[in-house]
Amino acid sequence: MAAINQTSSFMRTKTSTSSPSSSSHRLITRASIHLPKISTANLDIFTPNIASNISMVQEMHKFSRITPKNPTLNPNVHPDHEVIMEKLYLILEAVSDRVEMHKNIGEQRNNWNSLLLTCINTITLSAATMAGIASVITSIPGAPLETLKLSSSFLYLAATGMLVIMNKIQPSQLAEEQRNAARLFKQLESEIKTKIAISQPTLNDVNDAMDKVLAIDRAYPLPLLGVMLEKFPAKVEPAVWWPEKTSSKRCNDKNGWSVELEEEMKEIIKVLEVKDKDDYIRLGEKALKLNKGLAVAGPLLTGLGAIGSGFLASSPHSSWAMVLGVMGGAMASVVNTIQHGGQVGMAFEMYRSNAGFFKMMQESIEANLKERDVGRRENGEVFEMKVALQLGRSLSELRDVAVSSSRNGKDIEEFGSKLF
């Protein structure tokens with residue numbers, strides 16, 4: 001307020017001392033606004049701050065020009081490492097492609113199972129219906145008896161041929177094989193990506209990834225002719241989709257292993273061998289026997305139906321021919337539905353794959369225990385956690401299973417896995 005009063009008094013003094021000739025400008029003078037002048041003497045204090053801000057912007061520009069940390073683009077990395085990374089990325093691309101291939105082919109072969117089952121059952125029931133109609137109209141003059149007999153026999157023969165092929169390739173089992181292959185390749189894809197992200201891959205990692213790809217290719221082939229897996233093997237064995245020998249890493253001296261951990265892993269091997277793997281082998285054998293019986297019964301019943309249809313109203317035992325013609329087709333449809341609709345082949349492959357999973361765990365544990373140089377084993381604590389996760393147990397539960405196994409000996413009651 002003091003500043004405003006001082007300014008007002010200054011304006012009144014200025015007006016009173018002005019000459020009469022400037023009276024015409026009083027209005028303008030009184031309307032003039034005089035603002036205080038801003039001193040520029042102290043602006044030098046902002047100069048260091050401005051300079052520091054400019055330097056900070058330049059530093060930020062430098063940081064924005066830094067490329068992501070990628071070993072393949074870093075000029076300081078040895079050329080051999082660039083070649084290793086290039087090979088690993090090529091394997092990763094091939095694995096990603098295989099995931100899609102096995103996924104698509106698995107869906108295709110699952111469609112085979114549904115479509116073939118529907119078609120064969122439709123043909124079989126149509127043939128049985130024709131045989132039943134033909135047996136009814138035998139006493140009607142002018143009835144198309146021969147046409148119905150020939151049509152029924154032809155449909156039965158067609159169903160028999162299609163059923164033999166379907167039982168040979170087992171589409172439901174083929175679809176399960178491709179689902180397993182897609183899952184394993186997806187797992188390998190994640191493993192390679194993790195290795196690239198958190199470690200410095202070596203040539204051993206490249207060879208190991210290549211061996212795993214080829215092992216899965218051998219375990220679950222894509223073609224049907226020549227390399228298709230035997231659908232009715234003489235002996236049920238676990239599926240094997242891992243290479244025979246894997247390279248181990250050099251770690252520290254102790255490496256997380258102890259005598260107690262080694263004994264615990266030995267007991268886990270015994271549990272997996274006695275309970276889990278043997279149980280799935282036993283279930284696989286039962287599924288295989290059932291599948292073999294159904295595979296023989298289906299074509300046999302359709303063949304009997306074709307024979308019965310051919311002898312309708314042409315023999316003194318035409319009643320038996322009618323029974324074969326009608327009942328053979330009906331029973332064949334039931335058998336086909338149980339075998340392929342119930343996907344018995346898929347169940348057999350699932351049991352075989354589960355047994356292979358436990359065999360892989362068993363071999364992995366044995367490989368670590370057989371390695372005398374502790375530094376060349378996987379880290380003991382990490383390995384124990386991996387085994388627990390694969391079996392669906394906590395670390396304390398895994399140790400309890402090992403203690404129970406050592407206490408009971410061969411009379412093991414509890415399974416090692418809680419997942420399946």
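Residues numbered from 1 in each chain as written. Predicted model: local features only at pLDDT ≥ 70, side-chain atom pairs only at ≥ 80, totals over all residues. Heavy atoms only, no water.

### Regarding the overall build of the protein chain
Here's step 1: Helices and strands together make up the secondary structure of the protein chain, namely twelve helices and zero strands.
Here's step 2: Helices (α) and strands (β) of the protein chain occur, in sequence order from the N terminus, as α-α-α-α-α-α-α-α-α-α-α-α.
Here's step 3: Considering the protein chain as a whole, with its 420 residues, one finds that 37% of them fall into the buried category.
Here's step 4: Taking all contacts inside the protein chain whose residues are at least 6 apart in sequence as the whole, residues at least 24 apart take part in 83%.
Here's step 5: Within the structure as shown, the protein chain displays about 25300 Å² of accessible surface, and the carbon and sulfur contribution to it stands at 62%. (Helix = DSSP H or I, 4+ residues; strand = E, 2+ residues; numbered from the N terminus. Buried < 20%, exposed > 50% of the residue type's maximum accessible area, 1.4 Å probe, protein only. Contact = heavy atoms within 4.5 Å. Areas by Shrake-Rupley, 256 points an atom, 1.4 Å probe, with all protein chains shown as cover.)

### Quick word on the environment of isoleucine 169
Here's step 1: In this structure, isoleucine 169 sits in helix α5 (residues 145-169).
Here's step 2: Distance in space between the C-alpha atoms of isoleucine 169 and leucine 225 is 9.9 Å, their sequence separation being 56 residues.
Here's step 3: Setting aside residues up to four positions removed in sequence, isoleucine 169 forms contacts with Trp112, Leu174, Met228 and Lys231.

### Some words on the packing of helix α8 (residues 259-310) against helix α12 (residues 395-408)
Here's step 1: It is the contact of α8 with α12, at a shortest axis distance of 8 Å, that shows an interaxial angle of 75 degrees. Between α8 and α12, the angle falls in the class roughly perpendicular. Residues Glu264, Met265, Glu267, Ile268, Lys270 and Val271 of α8 form the contact with α12, whose own contacting residues are Leu398, Arg399, Val401, Ala402, Ser405 and Ser406.
Here's step 2: Classifying every residue of the contact of α8 with α12 gives six nonpolar, two polar and four charged. (Axes fitted to C-alpha atoms, helices over the stretch in contact; angles between N-to-C directions. Parallel < 35°, antiparallel > 145°, perpendicular 65-115°, else oblique. Nonpolar A, V, L, I, M, F, W, Y, C, P; charged D, E, K, R; others polar.)

### Let's talk about the pattern of salt bridges
Here's step 1: Under the criterion given, the structure shown has 18 salt bridges.
Here's step 2: Residue glutamate 189 pairs with lysine 193 through a salt bridge whose shortest N-O separation is 3.5 Å. Here glutamate 189 pairs with lysine 193, and both are found in helix α6 (residues 171-198), just four residues apart, close to one helical turn.
Here's step 3: Residue classification places glutamate 189 among the buried residues on the basis of a relative accessible area of 14%.
Here's step 4: In this structure lysine 193 comes out as partly exposed when scored by relative accessible area, which is 47%. (Salt bridge = Lys/Arg side-chain N within 4 Å of Asp/Glu carboxyl O.)

### Observations concerning the packing of aromatic side chains
Here's step 1: Tallied over the full model, the rule gives five aromatic pairs.
Here's step 2: With 5.2 Å between their ring centres and 90 degrees between their planes, tryptophan 241 and tryptophan 242 make a pair best called edge-to-face.
Here's step 3: For tryptophan 242, a relative accessible area of 13% puts it in the buried group.
Here's step 4: Judged by centre distance (6.1 Å) and plane angle (40 degrees), the rings of tyrosine 280 and tyrosine 351 are tilted. With a gap of 71 residues between them, tyrosine 280 in helix α8 and tyrosine 351 in helix α10 (residues 344-370) connect regions that are remote in the sequence.
Here's step 5: Its relative accessible area of 10% is what places tyrosine 280 among the buried residues. (Phe/Tyr/Trp six-rings, centres within 6.5 Å; stacked < 30°, edge-to-face > 60°.)

### Remarks on the side chain of serine 152
Here's step 1: Of note, serine 152 is situated in helix α5.
Here's step 2: Residue serine 152 is classed as buried on the basis of its relative accessible area, which comes to 0%.
Here's step 3: Discounting residues that sit within four places of it in the chain, serine 152 has contacts with Ala127, Met130, Ala131 and Ser309.

### Some details on the confidence of the model for the protein chain
Here's step 1: Taken as a whole, the protein chain shows an average pLDDT of 80; of its residues, 77% reach a score of 70 or greater.
Here's step 2: Within the protein chain, the lowest mean pLDDT, 43, falls on helix α2 (residues 26-31), and the highest, 94, falls on α6.
Here's step 3: Residue range residues 1-32 is modelled with pLDDT below 50. Its contacts to residues more than four positions away, or to other chains, number five contacts. (pLDDT = per-residue confidence, 0-100.)

### Some points on the packing of α6 against helix α7 (residues 203-219)
Here's step 1: Viewed as axis vectors pointing N to C, α6 and α7 meet at an angle of 175 degrees, and their least axial separation amounts to 11 Å. On the basis of the axis angle, α6 is roughly antiparallel to α7. Residues Leu184, Phe185, Leu188, Glu191, Ile192 and Lys195 of α6 touch α7, and the partners they reach there are Asp205, Ala209, Lys212, Val213, Ile216 and Asp217.
Here's step 2: Here the contact of α6 with α7 is composed, by residue class, of seven nonpolar, no polar and five charged.

### Description of α12
Here's step 1: End to end, α12 covers 20 Å across 14 residues, agreeing with the expected 20 Å (1.5 Å per residue, within 8%).
Here's step 2: Of the positions making up α12, those classed as buried are Leu398, Val401, Ala402 and Ser405. Down the axis of α12, the smallest arc covering the buried residues is 95 degrees, so these residues share one side. Set apart from the buried face of α12 by more than 90 degrees, the exposed residues are Asp400 and Arg407. (Expected span 1.5 Å × (residues − 1). Arc of directions from axis to C-beta.)

### So, unusual backbone geometry
The phi angle of most residues is negative, glycine excepted, and most peptide bonds adopt the trans form.
Here's step 1: The backbone of glutamine 170 sits at a positive phi, close to 50 degrees, despite the residue not being glycine.
Here's step 2: A positive phi angle is found at glutamine 343, which is not glycine, with a value near 55 degrees.
Here's step 3: In this structure, glutamine 343 sits in the loop between α9 (318-341) and α10.

### A closer look at a nonpolar patch on the surface
Here's step 1: Nonpolar side chains collect at one region of the surface, where Leu300, Leu304, Ile307, Phe311 and Leu324 lie side by side and expose about 440 Å² of accessible area between them.
Here's step 2: Residue contributions to the nonpolar patch peak at three residues, all from α8.
Here's step 3: Among the structural elements, leucine 324 can be located in helix α9. (Patch = residues over 30% accessible without salt bridge, like charges linked within 9 Å, V, L, I, M, F, W, Y side chains within 5 Å.)

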